[in-house]
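Tertiary structure, described
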Amino acid sequence: MMKRFLKIGLAVGMLSSTLLAQESIKIGFVGTLSGANAAWGTSNVRSMETSADIYNKNGGVEIAGKKYKVEIVPFDDAFDPKIAVAGMEKMAQEGIKYVVGPNDDAQAIAVKPIAERNKIVYFPYAFDKSLYVKPANYAVFGMIASYQWEPSVYKWLKDNKDVKSVAFIAANAADPLNQRDNGIKIAQDLGLKVVEAKATYKADTRDFFSVITPIIKKKPDLLVLSGVSPATAPLIIKTARQLGFKGYMAAGTALDASILKEGAGDAANGFICQGGADASIQSEKMEKWVEHYTNKYGEYNDESNTKVFALEYILAVLKSNPKAINDADEFLKTVDSGWSAPNLFFKDENAKLKFVGKTTFGQNRQLGVPLTPKIYKDGKFETLFVGQAD
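In this convention, every chain numbers its residues from 1, walking through the sequence in written order. Where local features are concerned, this predicted model is filtered to residues with pLDDT of at least 70; where side-chain atom pairs are given and counted, the filter is 80 or more; whole-chain, interface and lining totals use all residues. The side-chain quantities take in all heavy atoms of the structure and omit both hydrogens and water.

Remarks on the sheet that holds strand 3 (residues 66-76)
Strand pairs in the sheet, formed through backbone hydrogen bonds, run parallel or antiparallel to each other. Note the cut-off: Here, any two strands with at least 2 DSSP bridges between them count as paired. In this text, helices come from DSSP runs of H or I with a minimum length of four residues, and strands from runs of E with a minimum of two, each type numbered from the N-terminal end. Between the N-to-C directions of two axes lies an angle of 0 to 180 degrees, each axis being a line fitted to C-alpha atoms and, for a helix, fitted only over the stretch in contact. The contact criterion used throughout is that any non-hydrogen atoms of two residues lie within 4.5 Å.
Strand order across the open sheet formed by 5 strands is 2-3-1-4-5, with mixed pairing between neighbours. Of all the strands in the sheet, the pair left with one neighbour each is strand 2 (61-63) and strand 5 (121-123). The mean inter-strand angle of the sheet, taken between neighbouring strand axes irrespective of direction, is 35°. Two strands pair when backbone bridges link them, and strand 2 and strand 3 are joined in this way by 3 bridges, in the antiparallel orientation. The partner of Glu62 across the bridge, within strand 3, is Lys67. With respect to the sheet, helix 2 (residues 38-57) is in contact with strand 1 (24-31), strand 2, strand 3 and strand 4 (98-100), its orientation differing from that of strand 3 by roughly 160°. Sitting on the sheet, helix 13 (residues 328-335) touches strand 4 and strand 5, and the angle it makes with strand 5 is about 60°.

Below is the structure:
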């Protein structure tokens, strides 16, 4: 009997040693995990950790016949470019070749020299085109941009809801102002009348009555909240409704239904924003992913429908080209080869993971995620239509 216990103990010890000895693929995150915009980065990290959990519970991700543990290394940039730089420097020092984030233009631009110097492929959720247009090479856009999303949404509202006029409001910061200017041009090109193009507010504003009142007096059919943060959107929405605005509101960023429900309630009905892997197109694999996420964190953030993809793309490319595990140039070589792989998150058996962006950026530096505008209604989002960028 003693010999039997010794054999079992030895076997368990050997298994533990094997697990401890398993090599890891480290994927970094540099983005916003604190402050008013924390929901953006939190949905990133939770999505990454959910996927890593699922891989690791099955022994890791298999690449060239070998299984690697997936390890997520997060860094909070507190929505500050200087801190973001420190975060990307940390990733470089640790030899990490793939980083998800940052969540905003200023931070993504700030880390660009470090990423390019150290050959780190990073996946910003930032809209500035200079990040993805040559000679820039190492940034891959992680979502759909407002300037890709707005033309189809504005046209849908014009054709289906008789929207004829639009007003814009933006925080007085580079990214929201850039989104506003792009949105104005898109609206004008579609023949919409822009009744307000200059309204701005400070990022820390909490009382919006003085800003919104003059806009409502101009009676727009659509109010666009350019680049609005998760914490600010409910405040503007609620104020506009209290001032009698009955039209549609929209933002080209992804937001969470629970945040809108808590902060604005029924006032948010009719609010449109970007979505992701919507329930209507989700496969059983994606449904189980959402279930795992919910069990892990006690809640689900709708914005993670746009954040589920980055880690999966990284690992899928590494599976296709094992040389890319420690070589970002090999990764980009695969990206530029016209690579694709099955997209197991979608019901459609023909759905593919692929890189897009040629039309917008002149090169494939964007994840081929779905363009799924959603409209808020009674605490939940409903999908308007499903499209894609190219």
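What about the domain arrangement of the protein chain?
Selection rule: Domain ranges listed in this record stem from an automatic or a database domain assignment. The term buried area refers to how much accessible surface (probe radius 1.4 Å) is lost by two components on association, counted for both of them together. Any Lys or Arg side-chain nitrogen found within 4 Å of a carboxyl oxygen on Asp or Glu counts as a salt bridge. Definition of a polar contact: a pair of N or O atoms within 3.5 Å, with one able to donate and the other able to accept a hydrogen when the atoms are protein atoms, and with sequence-neighbouring residues admitted only if both atoms are side-chain atoms.
Domain assignment breaks the protein chain into domain 1 (24-139 + 280-368) and domain 2 (146-276 + 375-388). Computed from C-alpha atoms alone, the centre-to-centre distance between domain 1 and domain 2 is 27 Å. In this complex, domain 1 contributes 19 residues to the contact, which on the side of domain 2 involves 25 residues. Surface buried jointly by domain 1 and domain 2 totals about 1700 Å² across both partners, of which 56% is contributed by carbon and sulfur atoms. Per-residue buried area on domain 1 facing domain 2 is highest for Trp40, Phe127 and Asp302; these three make up 33% of the total on that side. Taken together, the links from domain 1 to domain 2 amount to 0 salt bridges. At the boundary of domain 1 with domain 2, the tally comes to 6 residue pairs in polar contact (both at pLDDT 80 or more). Among the elements of the structure, helix 2, helix 11 (304-307) and helix 14 (358-361) are those that each provide at least two residues to the side of domain 1 that touches domain 2.

Describing the side chain of Asn44
Counted only if it meets this: Relative accessibility thresholds used throughout: buried, under 20% of the residue-type maximum; exposed, over 50%; partly exposed, between the two (1.4 Å probe, protein chains only).
Of note, Asn44 is situated in helix 2. Overall, the relative accessible area of 0% leaves Asn44 in the buried class. There is a polar contact of 3.5 Å between the side chain of Asn44 and the side chain of Tyr125. Apart from residues no more than four positions distant in its own chain, Asn44 is found in contact with Phe29, Val100, Asn103, Tyr125 and Lys307.

Here's the deal with the layout of surface pockets
Which parts of space are left empty comes out when a probe the size of a water molecule is rolled across the atoms. Quick reminder of the rule: Lining residues are defined by having an atom within 4 Å of a point belonging to a cavity or pocket. Those points lie on a 1 Å grid over the protein atoms alone, cavities being sets where a 1.4 Å probe fits but cannot get out and pockets being open sets with protein on both sides within 12 Å along at least five of seven lines. Grid points are joined across faces, edges and corners, and a volume is the space filled by probe spheres set on the points.
Reported here for the largest pocket is a volume of approximately 440 Å³. Every residue lining the largest pocket is counted, 31 residues in all, and those nearest its centre are Asn37, Trp40, Phe79, Gly227 and Ser229. For the lining of the largest pocket, the secondary-structure elements that each account for two or more residues are helix 6 (174-189) and strand 9 (248-254). Top element by residues in the lining of the largest pocket is helix 6. It accounts for 4 residues.

Side note on the pattern of salt bridges
Counted under the stated rule, the structure contains 15 salt bridges. Note that Glu89 and Arg117 form a salt bridge whose closest N and O atoms lie 3.7 Å from each other. Here the residue Glu89 occupies a position in helix 3 (residues 81-93), and Arg117 occupies one in helix 4 (residues 105-117), the gap between them amounting to 28 residues. Owing to a relative accessible area of 28%, Glu89 belongs among the partly exposed residues under this scheme. Here Asp329 and Lys119 are joined by a salt bridge, their closest N and O atoms 2.9 Å apart. Within this pair, whereas Asp329 is found in helix 13, its partner Lys119 is found in the loop between helix 4 and strand 5, the two being separated by 210 residues in sequence. With a relative accessible area of 28%, Asp329 lands in the partly exposed category. A relative accessible area of 39% means that Lys119 is categorised as partly exposed.

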